[in-house]
Amino acid sequence: MDIIMGHCVGTRPPSSCLILLLLKLLATVSQGLPGTGPLGFHFTHSIYNATVYENSAARTYVNSQSRMGITLIDLSWDIKYRIVSGDEEGFFKAEEVIIADFCFLRIRTKGGNSAILNREIQDNYLLIVKGSVRGEDLEAWTKVNIQVLDMNDLRPLFSPTTYSVTIAESTPLRTSVAQVTATDADIGSNGEFYYYFKNKVDLFSVHPTSGVISLSGRLNYDEKNRYDLEILAVDRGMKLYGNNGVSSTAKLYVHIERVNEHAPVIQVVTHVPFSLDKEPTYAVVTVDDLDEGANGEIESVSIVAGDPLDQFFLAKEGKWMNEYKIKERKQVDWASFPYGYNLTLQAKDKGSPQKFSALKTAHISNPKRNSVPVQFEKEVYNVNISEFSPPGVVVAIIKLSPEPLDVEYKLSPGEDAGYFKINPRTGLIVTAQPLNTIKKEVYKLEVTNKEGNIKAQVIIGIDDANDHTPEFQQSLYDTFVNESVPVGTSILSVSASDKDKGENGYITYSIASLNLLPFAINQFTGVISTTEELDFESSPETYRFIVRASDWGSPYRHESEVNVTIRIGNVNDNSPLFEKVACQGVISYDFPVGGHITAVSAIDIDELELVKYKIISGNELGFFYLNPDSGVLQLKKSLMNPGIKNGNFALRITATDGENFADPMAINISVLHGKVSSKSFSCRETRVAQKLAEKLLIKAKANGKLNLEDGFLDFYSVNRQGPHFDKSFPSDMAVKENLPVGANILKIKAYDADSGFNGKVLFTISDGNTDSCFNIDMETGQLKVLMPMDREHTDLYLLNITIYDLGNPQKSSWRLLTINIEDANDNSPIFLQDSYSVNILESSSIGTEIIQVEARDKDLGSNGEVTYSVLTDTQEFAINSSTGVIYVADQLDRESKANYSLKIEARDKAENGQQLFSVVTLKVFLDDVNDCSPAFIPSSYSVKVLEDLPVGTVIAWLETHDPDLGLGGQVRYSLVNDYNGRFEIDKASGAIRLSKELDYEKQQFYNLTVRAKDKGRPVSLSSVSFVEVEVVDVNENLHTPYFPDFAVVGSVKENSRIGTSVLQVTAQDEDSGRDGEIQYSIRDGSGLGRFNIDDESGVITAADILDRETTGSYWLTVYATDRGVVPLYSTLEVYIEIEDVNDNAPLTSEPIYYPVVMENSPKDVSVIQIQAEDPDSSSNEKLTYRITSGNPQNFFAINIKTGLITTTSRKLDREQQAEHFLEKRAQDTWSGCVLA
């Protein structure tokens, strides 16, 4: 059925229609939920969390922040809930409550004789609840986790209930002396409780929460030696409820004993005195006693055993320190006790009863036995020096440690001792003669002291130097080679050896020649080979040159040379060459037989006279004869023979040296009739003779160059000149005595005109270095400080500087250098005492002289003049810079600073260089004068106090500092105002207690004025401070807000204006004040954001435009929260139904219909059924239909209620009108709105 619907506005439809529509929508939505039945029968959650207080009365419902239950998809469902498990004791019952479309699950405690919930026994129940529909096969299950909340139903209990402690009479104030313990099985704030004394107690205080009992007053054994205290525990919750009942009482027995609690304790630090000490200290003894007053003062420390000869005594050092030094009373007999003395010490205090320390043994070692033995710094000294080292080169410094004043070093006689010498006073070992005269790699020396009982070994390794020249195995080399050998042929191998090691003995070879040679030498193997073709005819027949062998040593290479002669052997390797070729000539027919026609000539460079000639072609008829030796061509037969056909002859002639043939030459002879000139032959010149002459000239010149090179001599291998000093060498110079070891003094320059090792200069100090203060670098000539100089010991040195070359023979030269040692400021001022101390009154006036210090300096002049100063940053004291008198420079205050440790400096007045100084400690002790008022620490106090603390609780401890000693430092406290006895203070300890209960609601702040006054005489001093007490509000929020119902229902019309009031909810709270003020809020539900709630009145209003056709109802979760310190809240479920308003027009199912009807149809034939619907819930039954246009002849009629269009009695004729366009109207009767 098709319905056309339109927008209508009209009266309110019945609520049942709205509910039906809502249920349809819910059914449609629920069909998409997972895990539901065919009709969506399920709980809103698979598990719910709920709470209920223990000890709850019967029929108390549990609280849950979420809605528990099942949404009614079908309003006809009759749902029942039943607890199927989890409630074995039968505490709970499940109930059903239906509101609108929801069936709430309500769980309550059972009534009657059921047991009471007890959290301490079981605090959690997990119930499984089954929901079913009566008469239908629908079931659902959920879990409900019920947390049992604690109620303050238990009181604290002491365990144990009796305590006993013993404390010393001297126990300090605020010391914890005991602790009582109680427990409360309740949890949270319900399990909190306070400790307090049953009766007022002045000397003790108990911490309200920890139960720690502290001493708050001075104990006096004579007045009372036992205190019986009763401690109560009060439950904080009971105080809030107004019940002050106490669960149990604990008794504490405090026994006071007068004990000298601690015995003195001795600590000993032994000391080995220096042999030159005039008053040697053998041990430092300190005594400590933890007791106070006379019990902690040390009466004496004595040697009770171990000193049969009474040679030692204890000297007390320092006024305020229990420090003693063990010193000798007379010369100690160490011979009788070579292993020292074991002194037994004991101390006693001034306490009552007097206590003695445990026996303490102090071992006094024999200084002579324990002295460090004299020995060489090393048992074996390993050093290396160069093989080139000349006499005087530093080898090593050998030292005894500690070095005796009369030290003397000696070299033990031995095979190697002659090559070295040692300075007997300094231990400096130097070379005594050259080391390269004999080949030895290691020298071993033994050094001893004067007595010869202490020895050390010195192993001197000789570093190989390049001091050997390569030596050839032969004095000269001579060899023969044919000129025909190919290029690269090895023709000779030379070999040399070098006695040095490493690169110093590694040899390479080279050819030393001024001329280019057709030879090369392999630099590593010494093999000589040809580099080009040899030619006997154009090159020297003999080559003489020098081969040089060179090592790879440093700083220079050693080289040696050897003569090499290579003789070239001639080989017949040249063909004869004609001097003339291509000859032409004529002869007559009548030329005589045997006549000389012409002559040929060929030259062979190899064999000039052994050429033979021969005709090889053109003489087949035998007319000609060639002399094989002379080369003369003659006519052999007459030319007049008629058998000659032509008159031309072409002869081809060659020449041979027996092995090689010359290229053939041609002689063309023409025979003519008549007379012919004798000079009729002509030839082309080859210039062979000229070329041969040129070759012989080149060969002669090459021989001349080689002969000339034989005359060169090696001027570089001869050590012609000795080394000499540079002109800049000074005769004398000055050196400061404080020049540090290693410092450069002078670089000595020397030269040697020779080259290589002949010109290498070495430097050494050959004499005059008596104190071994100097050293010269053998290679560079740099003169340096080797050992510290002391002008007071030696002020002048005359050094013999000797220089050597490394030539053979070696040459040397020497010069004297005078070194004057200049004085340096190398002595510091020395105080006459190791330390100073003095005691003065803190009231000493400015300018009072307290002590004089004195220091002396061994230096002369300004270096020895001393000036004094105070290094410590202080305004209280100053010193006369000239006399060393120290005086008071500012007001003193022992309470600010009881003693001073001043550093006094004595400095010389050296004008050049750094001034030297020494420092001594001056300890100034101030004696007390009563001049200080007690000072509060801090200057004021601020405390926060819970309003429910029990009476007698200590809320603050006052502390003052009075630095005065004796009675001037003893303080008593008092309250200037106590707010009508609400507070009290302990005079001795400064503990402020509550004497009356506090109430935050009555007064939140108290400002106490406290005074501290000392016992000074003749005048006592006092000061005032303030204690701000802030009372802290305690959570007295005992009751939770509650609603009369767990759910309410309201309604509002759709399209209502924003802010339209829907309903008002109201909760109640039995607390008073802020704890009873309630605030409302919406925190959950489908209507969250659609509605607002006034936080004070609880009025719920619309927050958005509502449309029933979109959403027909909403659920809200309303919270009622109080304003307590710890807010409490409860919730309310609110169901709001949206009432319908006729605000929608009817809508047809189709916008255009295309029915068909037969022409000539009778009346009441159905044409089409028009269907329309109205979204408003109550408008569908009020719709009316009519045709408004397109039916002027009334061919059609419409049912006003059903919308059925039928034919009328008028006949339809297709030929006249094939189509009819009808416009119809559907209208709801409430509003008159239509849809065409």
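Everything discussed here concerns the structure shown above.
Residues numbered from 1 in each chain as written. Predicted model: local features only at pLDDT ≥ 70, side-chain atom pairs only at ≥ 80, totals over all residues. Heavy atoms only, no water.

A. Looking closely at the overall build of the protein chain. Along the protein chain, the regular secondary structure elements total three helices and 95 strands. Relative to a compact globule of 1236 residues, whose C-alpha radius of gyration would be 33 Å, the protein chain shows 68 Å and is clearly more extended. Overall size of the protein chain, expressed as C-alpha extent along the three principal axes, is 180 × 155 × 60 Å. Summarising the internal contacts of the protein chain: among those between residues at least 6 apart in sequence, 69% fall at separations of at least 24. Separation of charge centres in the protein chain, based on 115 positive and 171 negative side chains, amounts to 2 Å. (Helix = DSSP H or I, 4+ residues; strand = E, 2+ residues; numbered from the N terminus. Rg over C-alpha atoms; globule rule 2.2 N^0.38 Å. Contact = heavy atoms within 4.5 Å. Lys, Arg positive; Asp, Glu negative; His and termini not counted. Charge placed at Lys NZ, Arg CZ, Asp CG, Glu CD.)

B. Quick look at the nonpolar core. If you look at the biggest cluster of nonpolar residues, it comprises 30 residues, and the most contacted ones within it are Phe92, Val144 and Ile146. Looking at this core, the elements that each hand over two or more residues are strand 2 (47-53), strand 5 (79-85), strand 6 (92-99), strand 7 (102-109), strand 8 (124-133) and strand 9 (139-149). When sequence neighbours within four positions are dropped, the list of residues in contact with Phe92 reads Val52, Val62, Ile83, Asp87, Ile107, Arg108, Thr109, Lys110, Leu117, Tyr125, Leu127 and Ile146. Ranked by size, the runner-up nonpolar core spans 28 residues in total, among them Leu626, Leu633, Leu635 and Ile653. (Core = buried A, V, L, I, M, F, W, Y, C linked by side-chain atoms within 4.5 Å. Buried < 20%, exposed > 50% of the residue type's maximum accessible area, 1.4 Å probe, protein only.)

C. How the structure looks around the sheet that holds strand 61 (residues 796-805). Read across the sheet, four strands follow the order 55-62-61-58 without closing on themselves; strand pairing throughout is mixed. Two strands bound the open sheet, and with one partner strand each, they are strand 55 (732-736) and strand 58 (761-767). On average, each strand axis in the sheet is tilted by 35° relative to the strand beside it, whichever way the strands run. Bridging between strand 61 and strand 62 (residues 812-822) involves nine bridges; their strand directions are antiparallel. In the strand pairing of strand 62, Tyr804 is matched with Ser812. (Pairing = 2+ DSSP bridges. Axes fitted to C-alpha atoms, helices over the stretch in contact; angles between N-to-C directions.)

D. A look at the packing of aromatic side chains. One pass over the structure, following the stated rule, counts 39 aromatic pairs. Their ring planes at 75° and their centres at 6.5 Å tell us that Phe831 and Tyr836 sit as a pair that is edge-to-face. Taken individually, Phe831 and Tyr836 each receive the classification buried, so the pair is uniform in this respect. The interplanar angle of 85° and the centroid separation of 6.4 Å between the aromatic rings of Phe936 and Tyr941 together place this pair among those described as edge-to-face. Considered together, Phe936 and Tyr941 belong to a single accessibility category, that of buried residues. (Phe/Tyr/Trp six-rings, centres within 6.5 Å; stacked < 30°, edge-to-face > 60°.)

E. The arrangement of the environment of Asn1092 in detail. Here Asn1092 shows up in strand 84 (residues 1091-1093). Sequence-wise, Asn1092 and Ile904 are 188 residues apart; in three dimensions their C-alpha atoms are separated by 85 Å. In contact with Asn1092, other than residues within four places in its own chain, are Ile1082, Val1099, Ile1100, Thr1101 and Ala1103.

F. Seen up close, the sheet that holds strand 49 (residues 624-626). One open sheet holds the three strands; their spatial order is 46-50-49, and the pairing between them is antiparallel. Of all the strands in the sheet, the pair left with one neighbour each is strand 46 (596-599) and strand 49. Averaged over all pairs of adjacent strands, the angle between strand axes in this sheet comes to 20°, irrespective of strand direction. Two strands pair when backbone bridges link them, and strand 46 and strand 50 (residues 632-635) are joined in this way by three bridges, in the antiparallel orientation. Looking across to strand 50, one finds that His596 is bridged to Gln634.

G. Representation of the state of the cysteines within the structure. If you walk through the whole model with that rule in mind, you get one disulfide. Note on cysteine connectivity: Cys583 is disulfide-linked to Cys683, with sulfurs 1.8 Å apart. In this structure the cystine formed by Cys583 and Cys683 twists about its S-S bond by roughly 120°; its chirality is therefore right-handed. Within this pair, whereas Cys583 is found in strand 45 (residues 580-588), its partner Cys683 is found in strand 53 (residues 682-685), the two being separated by 100 residues in sequence. Judged by its relative accessible area of 30%, Cys683 is partly exposed. (Disulfide = S-S within 2.5 Å.)

H. Spotlight on the pattern of salt bridges. The final tally for this structure, using the stated rule, is 36 salt bridges. For Arg108, the salt bridge is made with Glu95, and the minimal N-O distance between the two is 2.4 Å. Of the two residues, Arg108 sits in strand 7 while Glu95 sits in strand 6, which places them 13 residues apart along the sequence. Taken individually, Arg108 and Glu95 each receive the classification buried, so the pair is uniform in this respect. Through salt bridges with shared partners, one network takes in Arg119, Glu120 and Asp150. (Salt bridge = Lys/Arg side-chain N within 4 Å of Asp/Glu carboxyl O.)

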